[in-house]
Amino acid sequence: MVPPLDEDRRDYFRIHDHVGLEIKRLNSGTDGDPGHPFGDDVLEPLHDELRRIDLDIRNQLAGLAEKDRLLANLMKSFNSKVDTLARIMAFEQNPLQPERWSEVTLSEGGVAFPSDDPHFTVGDRLAIRLTLPPELFMPRGEGTIVSFSEDDNGRRWVHAEFTALDDADRQQIARHVMRWQIRQRQRDQA
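Since we're looking at a predicted model, the values are computed, not measured. (Residues numbered from 1 in each chain as written. Predicted model: local features only at pLDDT ≥ 70, side-chain atom pairs only at ≥ 80, totals over all residues. Heavy atoms only, no water.)

(A) Expanded view of the packing of aromatic side chains. Going through the model one piece at a time under the given rule, you end up with one aromatic pair. The interplanar angle of 85 degrees and the centroid separation of 6.3 Å between the aromatic rings of Phe 113 and Phe 120 together place this pair among those described as edge-to-face. Both residues of the pair, Phe 113 and Phe 120, count as buried. Over the ring of Phe 148 we find Arg 156; its NZ or CZ atom is 4.0 Å from the centre of that ring. (Phe/Tyr/Trp six-rings, centres within 6.5 Å; stacked < 30°, edge-to-face > 60°. Buried < 20%, exposed > 50% of the residue type's maximum accessible area, 1.4 Å probe, protein only. Lys NZ or Arg CZ within 6 Å of the ring centre and 35° of its normal.)

Spelled out as structure tokens, the structure:
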């Protein structure tokens, strides 16, 4: 039976995936910027510079493609190679510990994850950082717990909605969801 349009209607595609997940509870009495809950404020300027350089490269590649398609394709391949090498180095140097990888349901609108923490309550504010394989993008944002559920195995799932998420981070999640769906379709067709 198809549910009525107003029931179970979602604004975003959701996927079930295995990602790096870091959660920190934020002080509910403090509104605004949570600071650097993951202790990586020293790296933030480097991440910003990398994003700026990446955007510059994409813009320049688009212009180069109009003049010399072969050279533009070569530069795209070289850029992909450097990105892959950087991901390998990052993963080898500082991989997330096994307990930080978690099964989640993910969309641009939020994330659901299993948790045994009895102190989580509806309305709690969370700092959320994800590590999305295989690219190892690390979108981060702030979320609010909106509900809980229990799966068939008796695990308690926390459902959090993103309340503060940069557009760049939202786009990383959207691209990850889209790529995951493409990989699933390819796997199903094989």
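(B) The sheet that holds strand E3 (residues 110–114), seen in detail. Pairing within the closed barrel is antiparallel, and its six strands lie in the order E1-E2-E3-E6-E5-E4. For this sheet the average axis-to-axis angle between neighbouring strands, irrespective of direction, equals 50 degrees. Bridging between strand E1 (residues 15–25) and strand E2 (residues 101–107) involves six bridges; their strand directions are antiparallel. Bridge pairing in E2 links His 18 to Glu 103. Taken strand by strand, helix H3 (residues 167–189) contacts E1, E2, strand E4 (125–131), strand E5 (140–150) and strand E6 (156–165), and its axis lies near 150 degrees from that of E1. (Pairing = 2+ DSSP bridges. Helix = DSSP H or I, 4+ residues; strand = E, 2+ residues; numbered from the N terminus. Axes fitted to C-alpha atoms, helices over the stretch in contact; angles between N-to-C directions. Contact = heavy atoms within 4.5 Å.)

(C) Broad picture of the side chain of Thr 105. In this fold, Thr 105 is placed in strand E2. At 2.8 Å, the side chain of Thr 105 forms a polar contact with the side chain of His 16. The contacts of Thr 105, once residues within four sequence positions are left out, are Arg 14, Ile 15, His 16, Gly 110, Val 111, Ala 112 and Trp 157. (Polar contact = N/O pair within 3.5 Å; in protein donor to acceptor, adjacent residues only side chain to side chain.)

(D) Region of the structure containing the pattern of salt bridges. Summed over the entire model, instances satisfying the criterion amount to eight salt bridges. Where Glu 142 meets Arg 125, a salt bridge forms, and the shortest distance between an N and an O atom there is 2.8 Å. One end of the pair, Glu 142, is in strand E5; the other, Arg 125, is in strand E4, with 17 residues separating them in the sequence. On the basis of relative accessibility, which here comes to 10%, the residue Glu 142 falls in the buried class. (Salt bridge = Lys/Arg side-chain N within 4 Å of Asp/Glu carboxyl O.)

(E) How the structure looks around the confidence of the model for the protein. Taken as a whole, the protein shows an average pLDDT of 82; of its residues, 81% reach a score of 70 or greater. pLDDT under 50 marks residues 1–9. Its contacts with residues more than four places away, or in other chains, come to zero contacts. (pLDDT = per-residue confidence, 0-100.)

(F) The environment of Phe 162, seen in detail. Tracing the sequence through the fold places Phe 162 in strand E6. For the pair Phe 162 and Ser 107, spaced 55 residues apart in sequence, the C-alpha to C-alpha distance is 9.5 Å.

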